[in-house]
Structures are given as C-alpha cells and as structure tokens.
Amino acid sequence: MSNESLANLLKEERRFEPPTELAAAANVTADAYERARADRLGFWAEQARRLDWATEPTETLDWSNPPFAKWFQDGELNVAHNCVDRHVQAGHGDRVAIHFEGEPGDSRTITYADLQREVSRAANALTELGVRAGDRVAIYLPMIPEAVFAMLACARLGAPHSVVFGGFSADALATRIQDAQARVVITSDGGYRKGGASPLKPAVDEALTRPGTEDVRSVVVVRRTGQDVDWTEGRDVWWHELVDRQSEEHTPQAFGAEQPLFILYTSGTTGKPKGILHTSGGYLTQAAYTHHAVFDLKPESDVFWCTADIGWVTGHSYIVYGPLANGATQVMYEGTPDSPHKGRWWEIAEKYGVTIFYTAPTAIRACMKWGDDIPAKYDLSALRILGSVGEPINPEAWVWYREHIGGGRTPVVDTWWQTETGSIMISPLPGVTATKPGSAQVPLPGIAATVVDDEAREVPDGSGGYLVLTEPWPSMLRTIWGDDQRYLDTYWARFENRYFAGDGAKKDDDGDIWLLGRVDDVMLVSGHNISTTEVESALVSHPSVAEAAVVGAADPQTTQSICAFVILRGTAAESEGLVDELRAHVAQQLGPIAKPKRVLAVAELPKTRSGKIMRRLLRDIAEDRQLGDVTTLTDPSVMGLIQEKLPSAP
Ligand code: 6R9
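Residues numbered from 1 in each chain as written. Predicted model: local features only at pLDDT ≥ 70, side-chain atom pairs only at ≥ 80, totals over all residues. Heavy atoms only, no water.

### Quick word on the overall build of the chain
Inference 1: If you tally the helices and strands in the chain, you get 20 helices and 30 strands.
Inference 2: Here the chain has a C-alpha radius of gyration of 24 Å; the compact-globule value for 650 residues is 26 Å, and the two agree.
Inference 3: Principal-axis analysis of the C-alpha atoms places the extent of the chain at approximately 70 × 60 × 50 Å.
Inference 4: Across the 650 residues in the chain, those meeting the buried criterion constitute 64%. (Helix = DSSP H or I, 4+ residues; strand = E, 2+ residues; numbered from the N terminus. Rg over C-alpha atoms; globule rule 2.2 N^0.38 Å. Buried < 20%, exposed > 50% of the residue type's maximum accessible area, 1.4 Å probe, protein only.)

Written out as structure tokens, the structure is:
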C-alpha cells in the first residue's frame, strides 16, 4: 500500500443518542472507560470475577514471552459449570436457556436444568467413548440444540472442540479433522435448510476415507431428519442410543485457565486453513463481559437472539459461551430467514418477544431488498438493542435496520471483532455512545486499538491506515494450532509489538474508528488508495441498489480501475441510464476518483457462510481469470450466473 493513507471520503453526519431510559439503567456506564484506562489489568481481573473459579487466579496476565499470552494462569475453572451448573445452583434451573425453533416449525424449550442434564449425559457418553481432557472432538452439526450440548460436553471434559460448518464439503471437513487429529466426530443424518432436508452424514463418511483421519474412532450421529444413512459398524453410534442411557449426573473437573477450549478454522485466502486456538479463563471472561456490556443483557427479562451459525466464531461466543455464562434466555433457529416465507425471522422474534437481536449486514441488506412491508407485519416492539457483525455495515443498511426493525427507537451496535480476537473489541455501548451509522466507533473498556500508517505511526484524527491492537486482551487467540511460527508471521510481524488485524480503518475527526474492509481488498486507482467499503456504501445509498461489491481490476492506465457488482432493489431494472446514474452518484458522493469504470447488475454475490462477500472471486471475474478456491462459498452456482453477465460489460 502506498504511503498515502486510505482514502477518507465518506461523510456521515447522522447521530443517535442512547435512549434515556436505557442509559439510566445500563449495565455499563461511561466510567468503565476511565477505570479500565487507569488500571487495565485490574479492570480485567475485576471482570474475571463474573466467573465461578474453583481456584481464584492471583496473576492476571503473564506477558513474559510475547506474543504468547497467559491470562489468569494460576486460576482453575470449568467452563461448562460456568455456563450451566452454577445457574441451576443459584436457583435459576427453571429459566429457559434456549427456545429452539426448527425450520419445519418444530420447537423445543430447554431450561437451564434441562441443559445441565443434557450436557452431563453427553459428557458421560464422550467419556464412555474414551474422550479424555486434551483430546480433540470435531462437531459437524446443523443449528440444533445438540450442537450446544456437544460443545459444552467437550468443555466440561477439557476436550477442545473443533466445530466445522454444517455446510462445508467433505474436503473441508477432512482437512480440519486431519489438522486437529480429532478422535471423535459428532454429526447428524442431516438438517433442514431452505425448505428441505440436506444430508450431513455422507460428507463425514467420505472425509473419513481420506488418509490422516485414522485417529477418528467414533462417529456419533444425531437423528434429525430421519434420512437414510450409511453405517460403519463399530465406528458409528446413534446419539439417542448412546447419550440417552447415560447418567444425568456428572461432576465437572476444574482445569487451568489456559486449558484449550476450542480450535476454530478460518479459511484465509491462501494456504491451508488456520486453526485458531482459544483457551478457557480469559476467553470466557471477555465473552461474558462483552455480552453483558455491548448488549446490556438483563438475564431476568431479556430474550437474546444471535442469528449466527454455530460454525462461525459469532455462534461460539454469542450463542454458546457469552450468553450462557451470563444466564441468558435465547432463541436458536435452525434454518434460513426466508423459509418458508420472508417474514420468518420477524415471526420468530414476535413469538418469543425477542429484546436483543444480533445479525450480519448481509442479512440486513437481504431484508432491505425484500421490502419494508415484510417486517411491518410483525410486532417487534419488544426489541431494545440491535447488533451487527461480520462486515462493515453500510450507513444506509444501518439506518434501515434501526428504522424498520428497531422502530426508530433502538440503538444499533456495530461490533468489530474476529475469530482471532475471540470476542467483541470495538463497538459502541448502547447506554453510553451516541451512535454513527456505519462506524464501530470505540474500543471497549480494557481494549487498546488504534490506526497506524505504513511506518507504524499512529495516524491523526481524520486519516486512514491499518487497524492494530496495541495491548494483549483476555480472549485473544493463543496461537495457530500446531504452528507458532505462522501465528507470529501472520499477526505480529507486520508491526512490532502490535497485533495486525488485516483490516483497513480510519479515524474520523472525533477519533472514532471506521472499518474499511480487508487490506487485501483495498484498491489503488491513479495513486489513490480507495476502500471497497466506501464505494459500496455510496452505491447502497442510491435508492435502486440493495447490495454492492466493488473490486479493483488491473488497468493499464490507472493501475486498477473500479468494477462494481450491484444487486438492484425491488422493481429497479438494469439499463444504460441506471448504470450512468450510479456511476455519477458515486462520483457525487465520494469524488470523481472513486467513480466505478464498470457497473454490473447481478442477481447474487459470492459469499462465505458467515455472509462475507468474497471479493477475490469477483476480482478473478473482473480480470477474466480462472476462478480461485470456491469451497467456502455458500452457493458456488452464483459464480456461473455472474460470469454469464459478463459479455454485456462495456
Ligand atoms: C466476528 C467475525 C473477521 C473479519 C474482520 C473484518 C470483518 C467483522 C466487522 C467487520 C467491519 C464490523 N468484520 N466485524 N468489518 N465492521 N463490525 O466476523 O469474525 O469471521 O473471523 O471475520 O470480519 O474484516 O477482520 P471472522
């Protein structure tokens, strides 16, 4: 990237003050920033006291061998006890932990007492299969309660889980099983998605034919859809046959705070996936604190719903560990938002009186495209906080979310974090921060983040550069599983003593942080660095555009030229006139340098399963190259549809 910082083009003047009532009763108030600034480690030691420790830690952080952190090292705890048993012991056994809603309309209510029985039985079952502390267990399940039971059963035994997205292929599953040397795989016959039953077990069978998966001795299969499955005698066992006959009693053992809790693979654009390793005490402390602070959770009255899949870090931290550590009541939904109709989410939110809702920009933009009238049919008046995660949220989508889902009342918290950070790092606080559409704004209390230039100098307000984290944090990744060197090279080599997040960012005139997309996606046009996020937000601010993805394509005159792929809204139709109008609109919003050379209307964009646009594939198209790796796409057929559009390009 040239020394000239990322373009700082977008102007957004709208501000939303926290609602007075919410501010008056907020879990976290402005003084938390002060306390954390005055004594950062003392602040985290205080947060660790939210947990039930078998042995209280006396040391907060051991940073004697950076960047290999040890948090609360001499403390001992059991993560599952903290997420389950202690709530039952405190008299909350009858509180609903999970309102489960299956895609076909089946539902299940699981109280904390139920959860304790299910998790204990599953832990006894894994013990019977020979799973011991330290053994790895792969979990390849749809969004059903057994996924939560399985994760917590592993945590209870100190056996790190590796959850693999139910949508990933046999190949992706095999690589992850090999890398972690898993001993057990927990799966199901299938799950319900998009109105039908889709199989899972065949992918496990296929993955286990690959060399390097021989450590897997058992496959536990949940019966969900009733589909026929192939069966390997001696290896495969039904969940209901194995788990249901186990004792409901299981005494959790305390483990050291640095006991590995899970490995979660992030795809990365090149090379093999990185197994991000998280441990116990620090991870749970920050997952619980951030869920308490950012969502202002009141466990007695709130109904929390995070729509993420359990195979994404967001599902780990904000369906399983954060909410359950806090004794929350939450909704868990198996399927897609448009099955069997486009109002399904809002129907569920109304049914359970959801008060806090957390989803991804891609889903918000899809709802915008489907139309305002759909959410308008449902009573969403219980909602009091909305959250966003996964990508920069375009200001127009943010404002739509607040208006049409939040009834113009609710704060929207745009939360920036990564698989590697384990929990939320940068976000407004709903009772404190005057929010700005499109900005994650401020590092949470106890978190140190800033924006630097190529020479690692902090940029002044009003300028852009690279997002870095300047102090260790409790839920930070500890390493890449089996590859300390790659951990150092990927995150700690770019800037000395600073964690390099790989995201471009800018600070506005108030010092608030705006995320500008992955550094790999930044475009270089005639000597100017231009962020994909800003051009996309300008396009989405046009009434005809629902969603946009922008890439830089090699260009002999300007190094790169901007190529935009747009999904049109409602009744808008593609025409030469509209293309010219969109190009002019971007030029008017951001300046002529940011004007796209090409604008192509498409029906879909290539996305990962967590909803991130895969710009590198669009770059392959724009530069007329063979497509790169498409294995982590939700729907590989969208690439064919986009390619068909190409001959019509200018
Ligand atoms: C939680 C999660 C991490 C990458 C991250 C960044 C992007 C996530 C964001 C955001 C702008 C936000 N990202 N939240 N960008 N604003 N609020 O998404 O983890 O799947 O590992 O992705 O996602 O680019 O670096 P993960």
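### So, the packing of helix H5 (residues 112–128) against helix H6 (residues 145–157)
Inference 1: Where H5 contacts H6, the two axes come as close as 8 Å, and the packing angle between them is 65 degrees. Crossing of H5 over H6 shows right-handed handedness. Across from Leu-115, Glu-118, Val-119, Ser-120, Ala-122, Ala-123, Leu-126 and Thr-127 in H5, the residues of H6 making contact are Phe-149, Leu-152, Ala-153, Cys-154, Arg-156 and Leu-157.
Inference 2: Looking at side-chain class alone, the contact of H5 with H6 contains ten nonpolar, two polar and two charged residues. (Axes fitted to C-alpha atoms, helices over the stretch in contact; angles between N-to-C directions. Left-handed = near helix turned anticlockwise from the far one by under 90°. Contact = heavy atoms within 4.5 Å. Nonpolar A, V, L, I, M, F, W, Y, C, P; charged D, E, K, R; others polar.)

### Remarks on the site of the ligand
Inference 1: Of all residues adjacent to the ligand, which total 17 residues, the nearest are Trp-312, Asp-414, Thr-415, Thr-419 and Asp-503.
Inference 2: In this structure, Gly-390 approaches the ligand through a main-chain N or O atom, which is 3.1 Å from a nitrogen atom.
Inference 3: Considered on its own, the ligand offers 530 Å² of accessible surface; in the complex 92% of this is hidden by protein.
Inference 4: Broken down by secondary-structure element, the contributors of at least two residues to the shell around the ligand are helix H11 (313–325) and strand S25 (513–518). (Near = heavy atom within 4 Å. Polar contact = N/O pair within 3.5 Å; in protein donor to acceptor, adjacent residues only side chain to side chain. Areas by Shrake-Rupley, 256 points an atom, 1.4 Å probe, with all protein chains shown as cover.)

### Section: the UniProt feature "domain: Acetyl-coenzyme A synthetase N-terminal" (unreviewed entry) in the chain
Inference 1: UniProt's feature table lists "domain: Acetyl-coenzyme A synthetase N-terminal" (unreviewed entry) at residues 31–83, given in the numbering used throughout.
Inference 2: Regarding residues 31–83, the helix share stands at 42% and the strand share at 11%, and the terminal C-alpha atoms are separated by 28 Å. (UniProt positions renumbered as here; feature names shortened; annotations may be inferred.)

### Overview of the nonpolar core
Inference 1: Membership of the largest hydrophobic core comes to 136 residues, with the highest contact counts inside it found for Leu-115, Leu-152, Phe-295, Ile-310 and Tyr-321.
Inference 2: In terms of residue count, H6 provides more of this core than any other element does, ten residues in total.
Inference 3: Residue contacts for Tyr-321: discarding those within four places in its chain leaves Val-79, Cys-83, Met-151, Leu-152, Ala-155, His-161, Leu-261, Phe-262, Tyr-283, Leu-284 and His-316.
Inference 4: Counting 28 residues, the second largest nonpolar core, distinct from the first, contains Trp-305, Ile-348, Tyr-378 and Trp-400. (Core = buried A, V, L, I, M, F, W, Y, C linked by side-chain atoms within 4.5 Å.)

### With respect to the UniProt feature "binding site: ATP" (unreviewed entry) in the chain
Inference 1: Following the UniProt record, one finds the feature "binding site: ATP" (unreviewed entry) at Gly-390, Glu-391, Pro-392, Asp-414, Thr-415, Trp-416, Trp-417, Gln-418, Thr-419, Asp-503 and Arg-518.
Inference 2: Structurally, Thr-419 can be placed in the loop between strand S20 (412–414) and strand S21 (449–452).
Inference 3: Under the relative-accessibility criterion, Thr-419 is labelled buried at 12%.
Inference 4: Residues contacting Thr-419, with those up to four places away along its chain left out, are Leu-264, Thr-266, Ile-276, His-278 and Val-313.
Inference 5: For Asp-503, the position within the fold is in strand S24 (residues 499–507).

### Concerning the sheet that holds S20
Inference 1: Reading across the sheet, the seven strands line up as S5-S4-S17-S16-S18-S19-S20 and stay open at both edges, with mixed pairing between neighbours. Edge strands, defined here as strands with exactly one partner in the open sheet, are strand S5 (107–111) and S20. Taken pair by pair, the neighbouring strands of this sheet meet at an average axis angle of 20 degrees, ignoring direction.
Inference 2: Alignment of strand S4 (residues 96–101) against strand S17 (residues 329–333), held across four bridges, turns out to be parallel. In the strand pairing of S17, His-99 is matched with Val-331.
Inference 3: Along the sheet, H5 contacts S4 and S5; its crossing angle with S5, the most-contacted strand, is approximately 90 degrees. (Pairing = 2+ DSSP bridges.)

### A word on the sheet that holds strand S12 (residues 236–238)
Inference 1: An order of S12-S11-S8-S6-S7-S14-S15-S23 is seen for the eight strands of this open sheet, with the pairing classed as mixed. Bordering the open sheet on either side are S12 and strand S23 (479–480), each of which pairs with just one other strand.
Inference 2: Pairing of strand S7 (residues 161–163) with strand S14 (residues 260–266), which is carried by two bridges, proceeds in the parallel orientation. Counterpart to His-161 in the pairing with S14 is Phe-262.

### As for the confidence of the model for the chain
Inference 1: Taken over all residues, the pLDDT of the chain has a mean of 94, while the share at 70 or more is 97%.
Inference 2: Across the assembled chains, the prediction reports ipTM 1.00 with pTM 0.95. (pLDDT = per-residue confidence, 0-100.)

### What about unusual backbone geometry?
Inference 1: Each neighbour pair has its own omega, and for Pro-66 with Pro-67 the value is 0 degrees, a cis peptide bond.
Inference 2: Residue position: Pro-67 is located in the loop between strand S1 (61–62) and strand S2 (70–71).
Inference 3: For the peptide bond that leads from Ser-339 to Pro-340, omega is -5 degrees, which places it in the cis range.
Inference 4: Here Pro-340 is to be found in the loop between S17 and helix H12 (344–352).
Inference 5: Despite not being glycine, Lys-194 has its phi angle at roughly 50 degrees, a positive value.

### Brief notes about the packing of aromatic side chains
Inference 1: A full pass over the atoms with the stated rule returns 32 aromatic pairs.
Inference 2: Arranged with centres 5.4 Å apart and planes meeting at 70 degrees, the rings of Phe-165 and Phe-168 form a pair that is edge-to-face.
Inference 3: Through successive ring pairs, a cluster of aromatic residues spans Trp-63, Phe-68, Trp-473, Tyr-487, Tyr-491, Trp-492 and Tyr-499.
Inference 4: Of note, Arg-494 hangs over the ring of Tyr-466, and the distance from its end group to the ring centre comes to 5.1 Å. (Phe/Tyr/Trp six-rings, centres within 6.5 Å; stacked < 30°, edge-to-face > 60°. Lys NZ or Arg CZ within 6 Å of the ring centre and 35° of its normal.)

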